Amino acid sequence: LEEEQLLDGRYRLQKVPGGHVALPVLEEKLLLLRLPREMPCALVWIQDPVPSRAARRRTPAQKLRDELQRLLGKSWSEELERDVPHAWQRHGDLVLLSEDSFRATPWEKLGPTLWEMVASALGARRLARRGRVLPDGMRSPSVTLLLGQDGWVEHVDNGIRYTFDVTKCMFSPGNITEKLRVASLPCSGEVLVDLYAGIGYFTLPYLVHAAAAFAHACEWNGHAVEALRRNLALNGVQDRCRVHHGDCRQLELRDVADRVNLGLIPSSEEGWPVACHVLKKTTGGVLHIHHNVETLPTPAPPQTPVLRAEWGSPKGAGSDGEAQHPMEDSGKETSGARIRPEWRRWAEATAARIRGLLAELHGQPWHTSILHIEAVKSYAPHVHHLVLDLECRPTLP
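Since this is a predicted model, take the numbers as computed values, not measurements.

(A) Molecular detail of the packing of aromatic side chains. Tallying each qualifying case throughout the model produces three aromatic pairs. With a centroid separation of 6.4 Å and an interplanar angle of 75°, the aromatic rings of Trp76 and Trp107 are classed as edge-to-face. Here Trp76 is found in the loop between helix H4 (60-72) and helix H5 (78-83), whereas its partner Trp107 is found in helix H6 (residues 105-108), with 31 residues between them in sequence. Taking relative accessible area as the criterion, Trp107 reaches 2% and is therefore assigned buried.

Here it is as structure tokens:
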């Protein structure tokens, strides 16, 4: 036995006349009862020894590579080793491989044997491989099912169950911080319009956790609509949501929303006029506007004051139609992120644009108040996915 096998707790040394024996802990008493006290023992045969520490330290990617190397033997090459994935996504019993894995020609000769071996090494029953997102305007994934009968999986986020077909719908785990923030918003009694609902990324947190009274979910991808309907039923909120299948720019809803979610990147600008139409014309509401904003890679000078993320408030909104400006002591900062000048300029320009759309639509002035800017994630070098919480209210006489 190796020393680490003795130390890991499954075996222990037992002193006997003439030496020591290594005994499995659970069988120690039984074996000692069968051994006469005067009987020396020089050797105990142990089946299924515990793997060494070095073996236990191997990552799943290393284990997969070793299995493949054993399978191919002398055919193994550096080209094939570069083709072995080092990371993947797991959805229950389905593993989603990256698009650059297993692309070399020699893999094709193995046929189904390759996928069965990969699935076994990764502890999966189904395999799929990601491709490039199709430029069809619907954010459809290009995913090929390699092993298994279908691509339907289930994912649990913050206590919410999402089911979707990985070969037909996308799921973005990078938006989890925004979904958590949405879940904490005070939406009791409110009506939500989600203009880009997808499979319910934000519709469900609004209904399940934020206690919105009702939601109108708009989505034009038929596969996403199917998943959305399933997810509403899975979470028991199907009676509080109406699904609108089609282009949200053709939505006929008017004057219904206390809150509008515009969760489309790189820009939701085409949905801004629709959002203005669905807001309640007598009381207004809040728009959550998603957008990718480019940030110049210039370092901030030392000791530059941090611009606050909470800007203005309904109480401080003026009647002159101007967007409220940041106050030195207003609110809290955005989750450790500095509100950069480019973000501020984009937020102010968006507020002015929305204010103009509302005034033109209703024939009276409105005011807009920038409540919050949330930095969701880095989308690309020097590009950030932001969400602007913009309060919009009609100016009373």
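Text resumes after the structure shown.
(B) Spatial organisation of helix H12 (residues 341-362). Spanning 22 residues, H12 covers 32 Å between terminal C-alpha atoms, matching the ideal 32 Å at 1.5 Å per step. Taken together, the buried positions of H12 are occupied by Glu342, Trp343, Trp346, Ala347, Thr350, Ala351, Ile354, Arg355, Leu357 and Leu358. Positive phi shows up at Gly363, right after H12, with a value of about 70°.

(C) The arrangement of the sheet that holds strand S12 (residues 259-262) in detail. Ordered by their spatial adjacency, seven strands build an open sheet running S11-S10-S9-S12-S13-S15-S14, and the pairing between neighbours is mixed. Strand pairing shows two members of the sheet lacking a second neighbour, strand S11 (241-245) and strand S14 (366-380), which therefore form its edges. Taking each pair of neighbouring strands and ignoring which way they run, the sheet shows an average axis angle of 15°. In the sheet, strand S13 (residues 285-294) pairs with strand S15 (residues 383-394) via 10 bridges, with the strands oriented antiparallel. When the bridges of S15 are listed, Glu294 appears paired with Val383. Packed onto the sheet, H12 meets S13, S14 and S15 and runs at close to 135° relative to S14.

(D) Structural view of unusual backbone geometry. Pro266 follows Ile265 through a cis peptide bond whose omega is 15°. On the secondary structure map, Pro266 appears in the loop between S12 and helix H11 (272-278). Its identity is not glycine, yet Asn158 carries a phi of approximately 55°, on the positive side. Along the chain, Asn158 turns up in the loop between strand S7 (152-157) and strand S8 (160-165). Overall, the relative accessible area of 38% leaves Asn158 in the partly exposed class. In this model, Asp255 sits at a positive phi of 55°, which is unusual for a non-glycine residue. For Asp255, the position within the fold is in the loop between S11 and S12.

(E) How the structure looks around the environment of Gln62. Checked against the element boundaries, Gln62 lands in helix H4. For Gln62, a relative accessible area of 32% puts it in the partly exposed group. Separated by 22 residues in the primary sequence, Gln62 and Val84 have C-alpha atoms spaced 9.4 Å apart.

(F) Layout of the pairing of strand S3 (residues 88-91). Looking at chain direction, S3 and strand S4 (residues 94-97) are connected through four bridges and run antiparallel. Among the inter-strand pairings, Arg90 is bridged to a residue of S4, identified as Val95. Turn length for the S3-S4 hairpin, with the two strands adjacent in sequence and antiparallel, is two residues, and the turn residue Gly92 shows positive phi of about 65°.

(G) Region of interest: the nonpolar core. Judged by nonpolar contacts, the single largest core of 35 residues is most densely connected at Leu195, Val260, Leu262, Leu287, Ile289 and Ile354. Elements that contribute at least two residues to this core include exactly S12, H11, S13, H12, S14 and S15. Element by element, the count of residues in this core is highest for H12, at seven residues. If we skip the residues at most four places from it in the chain, Leu195 touches Cys218, Cys248, Leu251, Val260, Asn261, Leu262, Gly271, Val274 and Ala275. Ranked by size, the runner-up nonpolar core spans 34 residues in total, among them Val182, Tyr201, Tyr206 and Ala215.

(H) A look at the confidence of the model for the protein chain. Of the residues in the protein chain, 74% have a pLDDT of 70 or more, and the chain-wide mean is 81. Confidence over residues 27-33 falls short of pLDDT 50; this stretch has six contacts with residues more than four positions distant or in other chains. Every residue in residues 304-336 scores below 50 in pLDDT, and together they form 66 contacts with partners more than four places removed in sequence or on other chains.

(I) Geometry of the pairing of S14. Of the strand pairs in this sheet, S14 and S15 are connected by 12 bridges, and their pairing is antiparallel. For Lys377, the partnering residue across the bridge sits in S15 and is His385. In sequence, S14 turns back onto S15 through a hairpin of two residues, with His382 there showing a positive phi of about 65°.

(J) Up close: the side chain of Glu374. By the element assignment, Glu374 lies in strand S14. Within polar-contact distance, the side chain of Glu374 engages the side chain of His372 at 2.8 Å.

(K) Highlighting the packing of H4 against helix H7 (residues 112-122). It is the contact of H4 with H7, at a shortest axis distance of 9 Å, that shows an interaxial angle of 145°. Remark: the crossing between H4 and H7 carries right-handed chirality. Counted together, Pro60, Leu64, Glu67, Leu68 and Leu71 of H4 and Leu114, Met117, Val118, Ala121 and Leu122 of H7 form the full contact between these two elements. Tallied by class, the residues present in the contact of H4 with H7 amount to nine nonpolar, no polar and one charged.

Quick notes on the rules
Residues numbered from 1 in each chain as written. Predicted model: local features only at pLDDT ≥ 70, side-chain atom pairs only at ≥ 80, totals over all residues. Heavy atoms only, no water. Phe/Tyr/Trp six-rings, centres within 6.5 Å; stacked < 30°, edge-to-face > 60°. Helix = DSSP H or I, 4+ residues; strand = E, 2+ residues; numbered from the N terminus. Buried < 20%, exposed > 50% of the residue type's maximum accessible area, 1.4 Å probe, protein only. Expected span 1.5 Å × (residues − 1). Pairing = 2+ DSSP bridges. Axes fitted to C-alpha atoms, helices over the stretch in contact; angles between N-to-C directions. Contact = heavy atoms within 4.5 Å. Core = buried A, V, L, I, M, F, W, Y, C linked by side-chain atoms within 4.5 Å. pLDDT = per-residue confidence, 0-100. Polar contact = N/O pair within 3.5 Å; in protein donor to acceptor, adjacent residues only side chain to side chain. Left-handed = near helix turned anticlockwise from the far one by under 90°. Nonpolar A, V, L, I, M, F, W, Y, C, P; charged D, E, K, R; others polar.

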